[in-house]
Each structure stands twice: as structure tokens, then as C-alpha cells.
Amino acid sequence: MATGVSLKKYKASHVIGRSIVNVFETLESEVRSYSRSWPVVFDRAVGSWLYGEDGRAYLDFFAGAGALNYGHNNPVLKRALLDYIERDGITHGLDMHTTAKRDFLESVQEVLLRPRGLDYRLMFPGPGGVNTVEAALKLARKVTGRESVINFTNAFHGMTLGALSVTGNSMKRGGAGIPLVHATPMPYDNYFDGQTPDFLFFEKLLEDSGSGLNEPAAVIVETVQGEGGINAARIEWLQGLSELCKQHGILLIVDDVQMGCGRTGPFFSFEPAGIQPDIVCLSKSIGGYGLPLALTLFKPELDVWEPGEHNGTFRGINPAFVAAGAALREYWTDDTLEKATLAKGEQIARTLDDLVSEFPSAELTAKGRGLARGLELASGELADRVAKAAFERGLLMETSGPEGQVVKMMPALTISEDEVEQGMTILVEAVRTVLR
Ligand SMILES: *Cc1c(COP(=O)(O)O)cnc(C)c1O
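Residues numbered from 1 in each chain as written. Predicted model: local features only at pLDDT ≥ 70, side-chain atom pairs only at ≥ 80, totals over all residues. Heavy atoms only, no water.

An unreviewed UniProt entry annotates the protein as Diaminobutyrate--2-oxoglutarate transaminase of Tamaricihabitans halophyticus. According to its UniProt record, the protein has this under Pathway (unreviewed entry): "Amine and polyamine biosynthesis; ectoine biosynthesis; L-ectoine from L-aspartate 4-semialdehyde: step 1/3." One UniProt comment on the protein, placed under Cofactor (unreviewed entry), says "pyridoxal 5'-phosphate". (UniProt positions renumbered as here; feature names shortened; annotations may be inferred.)

A. Expanded view of the site of the ligand. Surrounding the ligand, one finds G128, G129, V130, F156, H157, G158, E222, D255, V257, Q258 and K284. Measuring from an oxygen atom of the ligand, one finds a backbone N or O atom of V130 at 2.9 Å. Between the ligand and D255, the relevant distance is 2.6 Å, taken from a nitrogen atom to a side-chain nitrogen or oxygen of the residue. Burial of the ligand by the protein amounts to 80% of the accessible area it has alone, namely 380 Å². Among the residues making up the shell around the ligand, the classes are represented as three nonpolar, five polar and three charged. (Near = heavy atom within 4 Å. Polar contact = N/O pair within 3.5 Å; in protein donor to acceptor, adjacent residues only side chain to side chain. Areas by Shrake-Rupley, 256 points an atom, 1.4 Å probe, with all protein chains shown as cover. Nonpolar A, V, L, I, M, F, W, Y, C, P; charged D, E, K, R; others polar.)

B. Structural detail: the state of the cysteines. Throughout the structure, instances matching the rule amount to zero disulfides. Here C245 stays unpaired: no disulfide links it, and the sulfur of C281, its closest cysteine neighbor, is 14 Å away. Classification of C245 as buried rests on a relative accessible area of 2%. C261 carries a free sulfur, and the closest cysteine sulfur to it, the one in C281, is 12 Å from it. (Disulfide = S-S within 2.5 Å. Buried < 20%, exposed > 50% of the residue type's maximum accessible area, 1.4 Å probe, protein only.)

C. Just a nonpolar patch on the surface, in detail. A surface patch of nonpolar side chains, amounting to about 280 Å² of accessible area, comprises V23, F24 and L27. On the basis of relative accessibility, which here comes to 70%, the residue L27 falls in the exposed class. (Patch = residues over 30% accessible without salt bridge, like charges linked within 9 Å, V, L, I, M, F, W, Y side chains within 5 Å. Salt bridge = Lys/Arg side-chain N within 4 Å of Asp/Glu carboxyl O.)

D. View of the packing of aromatic side chains. On inspection of all chains with the given rule, the structure shows 17 aromatic pairs. Taken together, a centroid distance of 5.2 Å and an interplanar angle of 25° make the contact between F268 and F270 stacked. One exposure class covers both F268 and F270, and it is buried. Among the aromatic side chains, those forming a connected cluster through ring pairs are F152, Y188, F199 and W237. The ring of Y51 carries R44 above its face, with NZ or CZ at 5.1 Å from the centroid. (Phe/Tyr/Trp six-rings, centres within 6.5 Å; stacked < 30°, edge-to-face > 60°. Lys NZ or Arg CZ within 6 Å of the ring centre and 35° of its normal.)

E. The sheet that holds strand β19 (residues 406–409), seen in detail. Pairing within the open sheet is antiparallel, and its four strands lie in the order β15-β16-β19-β18. Only two strands of the sheet have a single neighbouring strand rather than two, namely β15 (365–369) and β18 (398–400). Ignoring which end each strand starts from, the neighbouring axes of this sheet average 30° apart. As defined by bridge partners, β18 adjoins β19 across three bridges and the pair is classed as antiparallel. Within the sheet, the bridge partner assigned to S400 lies in β19 and is V406. Contacts from helix α13 (residues 336–358) reach β15, β16 (372–376) and β19, with the element oriented near 5° to β16. (Pairing = 2+ DSSP bridges. Helix = DSSP H or I, 4+ residues; strand = E, 2+ residues; numbered from the N terminus. Axes fitted to C-alpha atoms, helices over the stretch in contact; angles between N-to-C directions. Contact = heavy atoms within 4.5 Å.)

F. Structural view of the pairing of strand β13 (residues 279–282). With burial as the criterion, each face of β13 is covered, one bearing I279 and C281 and the other bearing V280 and L282. Across three bridges, the pairing between strand β12 (residues 251–255) and β13 is parallel. Residue pairing across strands places I253 opposite I279, the latter belonging to β13.

G. The environment of F62, seen in detail. Its place among the elements puts F62 in the loop between β5 (57–60) and α4 (63–66). Residues F62 and E398, spaced 336 residues apart in sequence, show a C-alpha to C-alpha distance of 6.4 Å. The contact partners of F62, leaving out residues within four places of it in the chain, are Y34, W38, L396, E398 and M410.

H. Focus on the environment of L112. Secondary-structure assignment places L112 in helix α6 (residues 99–116). Overall, L112 belongs to the buried group, its relative accessible area being 2%. Distance in space between the C-alpha atoms of L112 and L241 is 24 Å, their sequence separation being 129 residues. Ignoring sequence-local partners within four residues, the contact set of L112 consists of S107, F267, F268 and L328.

I. Up close: the packing of α13 against helix α15 (residues 417–435). Their axes nearest at 10 Å, the elements α13 and α15 cross at an angle of 20°. If you check the angle between α13 and α15, you find them roughly parallel. Handedness of the α13/α15 crossing: right-handed. Contacts between α13 and α15 involve K344, Q347, I348, T351, L352, L355 and E358 on the former and, on the latter, E417, V420, E421, M424, L427, V428, V431 and R432. (Parallel < 35°, antiparallel > 145°, perpendicular 65-115°, else oblique. Left-handed = near helix turned anticlockwise from the far one by under 90°.)

J. Representation of the pattern of salt bridges within the structure. In total, this model carries 21 salt bridges according to the counting rule given. Ionic pairing is found between R36 and E30, a salt bridge with its closest N-O pair at 3.2 Å. The class of R36 is partly exposed, set by a relative accessible area of 42%. On the accessibility criterion, E30 (58% relative accessible area) is exposed. In this structure, E227 engages K408 in a salt bridge whose closest nitrogen and oxygen atoms are separated by 3.0 Å. Placement of E227 in the loop between β10 (224–225) and β11 (231–232) and of K408 in strand β19 is noted, with a sequence separation of 181 residues between them. Taken together, the shared-partner salt bridges in this structure form one network comprising D189, D198 and R234.

Written out as C-alpha cells, the structure is:
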């Protein structure tokens, strides 16, 4: 801040009523997006609540797009972090061995992998979701010596070129500015409204030497498509996909960046299918406290990397290891959180089902699994209006889907039943306001 400007004047120049002027609009790029839906200057956050600098409270059904599964400033994780920082624990460590990283790795082994009978090597790519996706794609290509990857309609895997090439959304793809190649989209579960047997097209292309489909290195899939509109693949579909990959020697990559870390109930979203993907991508909530951290897990025999062949400066944000380890030990040594997530997911689903019956002609669809829930409206415009009406009543929800036609409910997993009820009461009011 320029010296000589009082804090009060500085703030006043930034907020006029609820319309924000100055640095956000004059300095920050047009690329900003969430801030346009929620024109508030946020200041504090605790649990499932964010507070504007004017003190107004907002109930959070967004949870950092899935990066805040344990809520804002979770007290258990905060304590661990404060202790670590206070004692001058390492903050930045590239991929050096540190006590914080060792504790985290041991927690992954003891809390996540061993109890589930999973045998994975673990690498730290850069800290974003997109970094683990890029690492996964690179590794699959290196292992198989093949170029092409199968993705699914309405998939979202991130915004760098490799990840965009396996992403569906045409607006996001358009940003690449060069051809996005070496990926072939296949229909996701229920793409044809259940009218075409599941893998008819994909299987036929794989088996027909005249199909024009190059032998794929990998299939990359989300078990529930978050950005794509809360499309939950059926468990049988995931099992079928895993089987198909096995039959054809194709590596299966599950992108669990958004749906992992308990979002759908179990820690890994693929657990109910009883499948073991070859490669698993984690980010968003793995850092526990909203700190940047990503992991790529893969079967040990796929670990063909040369030292330093995939690299990055921010692969060792040690405070993130501390919070991540604390989250695993606090929430994942028994099934309390998993059960609570499923119960609160059902609580939301019941209200969504009621809304669907209340407005039979509005073409509403209730979607999702666990605490990843969506209400699909007839258009993106209607969904926007619902999200806006909810925001005006103090509830933060984003929209997703190719036309933005799905309002998305993704509260922290640690939200209370009362808070879920408060949020759903607002949602019902918002839907009634818009549809009546
Ligand atoms: C958010 C997301 C990503 C990208 O993560 P970033 O941290 O935004 O790079 C990748 N895959 C899925 C499924 C996601 O939801």
C-alpha cells in the first residue's frame, strides 16, 4: 500500500457498497472468474463460513472447488501447522528428505494404502491438480511407448496443454491456441441416456483394426465429473472400464483430484468399485488446509522415471505435508468421516428429490454421490439465476456442466447437519424464486 494513505481511505476506495472498484478491476486480469459471481472482499473464514470485510457471513457450499474438504482453518490442522512454523520446521524443500515429508509418507502408507491393500509408489509433481495429471499422462506414455490417450465427454483435467487435450469443454480448449492432439473422447456413462450399451462404441473401435483408433497408452477418467456437471458414473460402469483396460493392455488413470479425499464418501472415489487403477491423481484436498499439494500414485512396476526426469520447484511445500499428514491421522484412521459424508449426502439428495417433484415441468435432475451433489436445470441461465439468488441469501455455490446448467453443492465434509439444512433451505428458496 502506498505510504500516506490511511487504511480506512484505502479500504473505502476499494469497496463502494457491494461493487468493487480499484485494484481488482484495474490491476487484476480479466481472467478472474469466481470473484465475478461473488463480488465480496472476503477476509476471514472458519469451518463452513466465510466472512466479508463488512462482517457479513456466507455459508460455503463451494469449499474451494473441493480443496477444503476439512473446512476453513480447521483447528486440528491449524495447531499442527502453527507448531511446525513456530519451531522453524523446513518450509521449502524441493524433493529433499525432511522429517515432515517422512511423517507424511508414513501416514500415507499406514492410513491410506496398507488398510486398503493398495500397492502404489508415490511421486510429488508440482503442487496443482494439473501437475499430477501432466505427470500421469507423461508416465503412461513413457511406460507404454504409445501417444494416444482416451478421455471422456465432459471431462475436466486442468488447464495446461496436456491436461486440456483430455478436457471436454470447448471454451477451455479454445484457450490453448494450438491444436490439442493425441487424445480421443469416448462417451461417458449415460451419455446416450442409457440407450446404448455401455462400451459398445469404445470396444468396437478397439477391436476393429479398421477403426482408425491408435492403440491408447491410457484411459483417464473421473468417477464423478465435477466440472462436467456432477455426472456420477455407475459403479458397474467403472468396473466395466477397468476390465476393458485390462483386456487391451491400456493403463487406467483415475483423476481423483476433486472426488478423492473423501468427497464421495470413501477416501478414494473408486473404492466402491473394487478396482485398482494403474495411476491415481490427487490434489485439491490432499493438502488438508487448502495448502497446495499434489500426488501421483502408480503401481510400482510403472516407476520407470529417470531421476529428475519430471521436476518442479514447488514439490516440497513442507507445511502442506504437515497439514496433509495431520488430516490423514485425524480423519482417516476409522470410517466416521466416510459415514457422516454419506449421511449428509443423503440429506442433500432428499431435498433435491423434493425439488424435482415440486417442479415436475421444470426438467430438474438431482445428481451426484456423497457430498458432491448437483441440481441440473433446463439452462445455464436458470442455474445462474439460482446461484445468484442463493448468493444474495448468503450461500456460496458454483455452477458446472457444459452450459453451466448444474448448480453444484460441495460443502466441507466437516459441515454440520444443521448447516447443511440451512444451506438447503436457502437453495429451496432460491429455486422457488427463480422457477415460480
Ligand atoms: C480441479 C481439477 C483439476 C485441476 O486442478 P488445478 O489445481 O486447478 O490445476 C484436475 N482434475 C480435476 C478432476 C479437477 O477437478
